[in-house]
Amino acid sequence: QISSTCTNAGGITLAPNAGTTISVTGATMPNGQASCTIDVLVGNVPGQVNPSCVANPAAFTNGPGNIAGLANIANGVVPSCLVVTPSAPSIAIAFGPPSVGIGVASTLTYTITNPNNIALTAATFTNTLLNLSVQAAGPAGGTCLGANGNVLAAGQTALTFSSLTIPASGSCTVTVPVTSGAVGVWPTTASGVTTAQTAAGPVSNTASLTVTAATPT
């Protein structure tokens, strides 16, 4: 996408996808016009990120050294750095089965989805359970790399999961068996997921576990 305030900027050519060259020829300004602009929409190479220009300015900086072939114009380009950050992952939760008796386990499944074409590492999220608790001590389950490194205690209600890796352009799960000693419909919502590459994403949906009384005999 190209836009310009120059009188004649029709000689702008762009490199094909993933190319890095922009060529401009024939741009003119009438007498009395102090300046004009040529704007070109650019994007990063897939998989590249640059969370901080302070930490890594060179590869994402456009400066006077990147400008060549000038004619009838001075090189007054000031170095400019582009910050490129991946999108935060999303998280969804569900109980299976969604209805159990008192003291019976239901599996709480957290599904984390990564919209980026790079893996997200060091993922962390929390979930505080009300009227629910972990049914049995042991490591969390699921398909996320690092899930089983999170060991939970029976009866635990404040859950924190960390050191997870979310695959590129994909999703994975973390699972926990939970139970309740009280009849009712018990909702819960997980926090957003934070990773080494992103800030916290949005909180999850709210899922509810229905707990029913035991049938008398």
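As a reminder, the structure under discussion sits directly above these lines.
These figures come from a predicted structure and were not determined experimentally. (Residues numbered from 1 in each chain as written. Predicted model: local features only at pLDDT ≥ 70, side-chain atom pairs only at ≥ 80, totals over all residues. Heavy atoms only, no water.)

A.B. asks: Explain the sheet that holds strand β11 (residues 133-134) here, please?
C.D. replies: Pairing between sheet strands relies on hydrogen bonds along the backbone, with the strands arranged either parallel or antiparallel. Strand order in this open sheet of 4 strands is β7-β9-β15-β11, and the pairing throughout is antiparallel. Here the strands that pair on one side only, and so sit at the sheet edges, are β7 (90-96) and β11. The pairing of β7 with strand β9 (residues 106-114) spans 7 bridges and is classified as antiparallel. Counterpart to Ile91 in the pairing with β9 is Ile112. (Pairing = 2+ DSSP bridges. Helix = DSSP H or I, 4+ residues; strand = E, 2+ residues; numbered from the N terminus.)

A.B. asks: Which parts of the structure should I look at to understand the environment of Ser99?
C.D. replies: Take Ser99: it is sitting in strand β8 (residues 99-101). Classification of Ser99 as partly exposed rests on a relative accessible area of 40%. In the structure, Ser99 is positioned 10 residues away from Pro89 in sequence and 28 Å away in space, judged by C-alpha atoms. (Buried < 20%, exposed > 50% of the residue type's maximum accessible area, 1.4 Å probe, protein only.)

A.B. asks: Would you take a moment to explain the state of the cysteines for this structure?
C.D. replies: A disulfide bridge is the covalent bond that connects two cysteines by way of their sulfur atoms. Following the criterion strictly, the structure yields 2 disulfides and no others. Each sulfur in the disulfide pair Cys144 and Cys172 lies 2.0 Å from the other. Taking the sign of the S-S torsion, about 90° here, the bridge from Cys144 to Cys172 comes out right-handed. Residue Cys144 is found in the loop between β12 (138-139) and β13 (151-152), and its partner Cys172 is found in strand β15 (residues 170-179); the two are separated by 28 residues along the sequence. Classification of Cys172 by relative accessible area gives buried; the value is 3%. (Disulfide = S-S within 2.5 Å.)

A.B. asks: What am I meant to see in unusual backbone geometry here?
C.D. replies: Peptide bonds are, in most cases, trans, and in most cases residues other than glycine have a negative phi. Pro97 follows Gly96 through a cis peptide bond whose omega is -5°. When you line up the elements, Pro97 lands in the loop between β7 and β8. Here Ala122, not a glycine, exhibits a phi torsion of approximately 55°, which is positive. With respect to the element layout, Ala122 can be found in strand β10 (residues 120-128). Residues other than glycine seldom take positive phi values, yet Ser163 does so here, at roughly 60°. Along the chain, Ser163 turns up in strand β14 (residues 158-166).

These results come straight from atomic positions and should not be treated as a statement about function.
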